[in-house]
Amino acid sequence: MTGLLAWLSEPFSYPFMVRGLWASLIVGIVVPLLGTYVVLRGMAFFGDAMAHIVLPGVVIAYLLGWPITLGALVAGVLAALIIGAISRRTRIREDTAIGVVFAGAFALGVAMLSLQRSYAVDLAHILFGNLLGVSNSDLRLMAVLSGIVLLTIGAFYKEFLVMSFDPTLAATLRLPVFILQNALLVLMALVIVVSLQTVGVALILAMLVTPGATAYLVTRRLPSMMAVASILGAASAICGLYLSFYWNFASGPAIVLVETAVFVVVFIMAPSRGWRRSSILEKRG
Amino acid sequence: MEPGNPAPGNAVSMSNWVIKHATHKDNSPAIRLESVAVQYNGAPALFEVSLTLQPGERAAIVGPNGAGKTSLMQVIAGTLRPSAGSVEIFGHRPGGHVCIAYLPQRSQIDWEFPVTVREVAMMGRIRKIGLFRWPTRRDWGIVDDALGRVGLSGFQDRRIAELSGGEQQKVFLAQALAQEAEVILLDEPFNGLDMPTQGSILDILDELRAARVTAIVATHDLNLAAERFDRVLLLQRRLIAFGAPAQVFTRPNLMLAYGGHVHVLPDGEGLMILTDTCCEGDEVA
């Protein structure tokens with residue numbers, strides 16, 4: 001027993017691991033919570049695009065010696081507004097337009113980074129996170145941004161629910177749909193910034209959709225879906241941290257792999273919506 | 001489909017949900033359209049539609065797929081801006097009203113969304129509840145009463161995915177009741193429902209008429225339109241005829257609306273109509 005306790009507490013005798021734990025808990029709770037809207041509204045591609053569009057901002061901040069989170073914040077909010085504008089008025093299909101911007105911005109970020117001597121290491125950190133390099137000031141900013149996200153979701157819970165479930169109803173009730181939609185995109189930008197150092201640009205999408213997708217399979221109402229997504233996100237973050245500490249996996253991918261494993265298990269087992277149900281329906285049909 | 005940005009001057013003022021229906025003019029018709037036209041990307045989808053409905057009247061909109069039935073209802077709901085003509089609901093532009101309920105076609109709703117019957121009905125009230133507030137006991141009382149009136153007491157905590165088609169339609173009627181709507185627009189509510197269920201929905205509409213609620217129903221069922229509605233509106237991009245069913249369902253009118261798809265057979269007591277247009281087709285216009 002004491003052996004197990006020692007095993008569990010061992011990682012956290014290092015300050016950088018403690019900071020990593022806090023960072024991954026914040027990310028694990030807040031990102032999947034917002035991610036439930038991403039899952040329900042089918043915005044996964046938006047989320048992935050936004051995460052990649054943030055890259056040039058991050059690189060510029062890094063090259064100028066500013067806090068990376070600040071660069072990501074500016075770029076993220078810009079990305080949210082650009083994506084919002086593209087989805088409203090384009091002649092080409094919306095996903096095509098977003099794809100063009102997404103890939104272009106990502107290439108720009110990588111190109112700028114490639115001029116640096118430490119290119120390979122930097123790129124790995126930006127793409128897959130650098131959880132153990134989280135500083136106290138990073139943590140504070142993450143906490144503040146997460147607080148904003150939680151408060152906003154709480155304050156506009158009913159409005160976001162109606163807008164996600166039935167946009168026509170939102171319009172006939174004369175809700176400020178335009179503002180609410182952009183607010184949701186900006187919240188996505190904020191959680192992307194928050195998760196940048198934990199899982200990195202390439203895997204943020206997993207934090208947004210995977211716990212939410214798992215929760216969708218086992219819950220009946222949005223509040224419980226949000227709760228389950230957050231609990232799964234936090235638990236996966238902690239498990240991922242142990243995997244990383246004891247078996248040397250990169251921490252970001254480790255967290256995402258735990259989330260994915262949980263999803264696969266639940267998808268196979270879930271009685272109401274998972275694979276078993278669809279196979280039952282197929283037999284009936 | 002973009003719900004169309006409401007005109008800038010249409011924003012609902014704060015007083016609208018404090019003083020109920022402050023914008024209703026006395027003795028004005030419930031719905032008045034003057035030479036309304038709608039364009040999609042420059043192509044005309046609807047033109048020269050003029051009509052007047054008094055409070056408590058019930059009208060059916062009939063016409064082939066793509067005739068503009070959904071567009072017309074969106075114009076009346078104030079979620080689609082006409083390119084020409086004027087729309088008045090109780091004497092004012094529809095964009096300021098929160099007394100209009102639009103029940104979308106069943107195919108427009110994500111029935112797997114994690115919400116319960118009670119929550120969907122409550123959505124109709126969120127404007128009355130107001131920002132940053134939660135439903136009170138009185139709100140839940142109104143919602144439960146509305147569910148009782150449509151015969152869904154005891155279904156409150158079901159997930160909407162667990163309902164039959166007719167029950168799903170009734171949830172949205174309960175939502176309109178909870179909204180205390182005075183104009184209700186129903187887009188193809190009878191599609192895929194059996195006769196008894198259609199009858200029970202018509203019974204609810206009868207009760208609404210007794211309460212002076214104005215209802216407009218898009219339907220493909222010409223017999224139903226002829227038997228159970230005060231007014232019929234025959235649409236084929238333009239308004240072909242509007243009036244009592246007997247005046248509207250004439251051979252020349254039907255030929256104009258349906259062209260080759262209709263066969264009009266005189267059979268002693270009246271007309272027998274065979275039409276091959278059907279259902280569920282998402283109207284482009």
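Residues numbered from 1 in each chain as written. Chains lettered and ligands numbered in written order. Predicted model: local features only at pLDDT ≥ 70, side-chain atom pairs only at ≥ 80, totals over all residues.

1. Some points on the overall build of chain B
The condition is simple: The helix and strand labels rest on DSSP assignments: H or I over at least four residues marks a helix, E over at least two residues marks a strand, and numbering proceeds from the N terminus. Here a residue counts as buried when 20 or more other C-beta atoms sit within 10 Å of its C-beta, as exposed when there are 12 or fewer, and as partly exposed otherwise, the C-beta atoms being derived from the backbone.
For chain B, the count of helices and strands is nine helices and 11 strands. Relative to its full complement of 285 residues, chain B shows a buried share of 41%.

2. What about the interface of chain B and chain A?
Rules: Contact between two residues is assigned whenever their backbone-derived C-beta positions fall within 7 Å. Ten residue types, Ala, Val, Leu, Ile, Met, Phe, Trp, Tyr, Cys and Pro, are classed as nonpolar, four, Asp, Glu, Lys and Arg, as charged, and the remainder, Gly among them, as polar.
On the side of chain A, 21 residues touch chain B, which itself brings 20 residues to the contact. Counting residues per element, the ones that place at least two in the side of chain B that touches chain A are β5 (100-103) and α3 (126-129) of chain B. For the side of chain B that touches chain A, the element with the most residues is β5 of chain B, which contributes three residues. Taken together, the residues that form the side of chain B that touches chain A break down as 15 nonpolar, three polar and two charged.

3. Focus: the confidence of the model for chain B
Residues and elements named next belong to chain B. Defined as follows: The pLDDT score gives, residue by residue, the confidence of the prediction method on a 0 to 100 scale.
Averaged over all residues, the pLDDT of chain B equals 85, while 83% of them reach at least 70. Averaged over each element, pLDDT in chain B is lowest for strand β11 (residues 271-275) (60) and highest for helix α2 (residues 117-123) (97). Overall, residues 1-22 carries pLDDT values under 50, and its contacts beyond four positions in sequence, including any with other chains, amount to 29 contacts. Low pLDDT, under 50, characterises residues 279-285; the predicted model gives this stretch 17 contacts beyond four residues in sequence or across chains. Interface confidence for the predicted complex, expressed as ipTM, amounts to 0.86; the pTM equals 0.86.

4. With respect to helix α5 (residues 68-88) of chain A
Residues and elements named next belong to chain A. Condition: Take the residue count of a helix, subtract one, and multiply by 1.5 Å to get its expected span.
For α5, built from 21 residues, the straight-helix expectation of 30 Å at 1.5 Å per residue is met to within 8% by its first-to-last C-alpha distance of 30 Å. Inspection of α5 places I68, T69, G71, A72, L73, A75, G76, A79, A80 and I83 among the buried residues, and these make up the whole buried set. Here the buried face of α5 lies against α3 (44-53), α4 (55-64), α6 (94-114), α8 (136-155) and α11 (177-199).

5. Observations regarding the pairing of strand β1 (residues 31-40) of chain B
Every other side chain in a regular strand lies on the same face of the sheet, so the side chains alternate between the two faces. Residues and elements named next belong to chain B. The condition is simple: Strands qualify as paired when DSSP identifies two bridges or more between them.
Where β1 lies against strand β2 (residues 43-53), seven bridges are found, and the strand directions are antiparallel. Bridge assignment links R32 to a residue of β2, and that residue is T52. Counting the residues in the hairpin turn of β1 and β2 gives two residues, including N41, whose phi is positive at 45°. Sheet topology places β1 next to strand β4 (residues 84-89); five bridges connect them, and they run antiparallel. Bridge pairing in β4 places E34 opposite S86.

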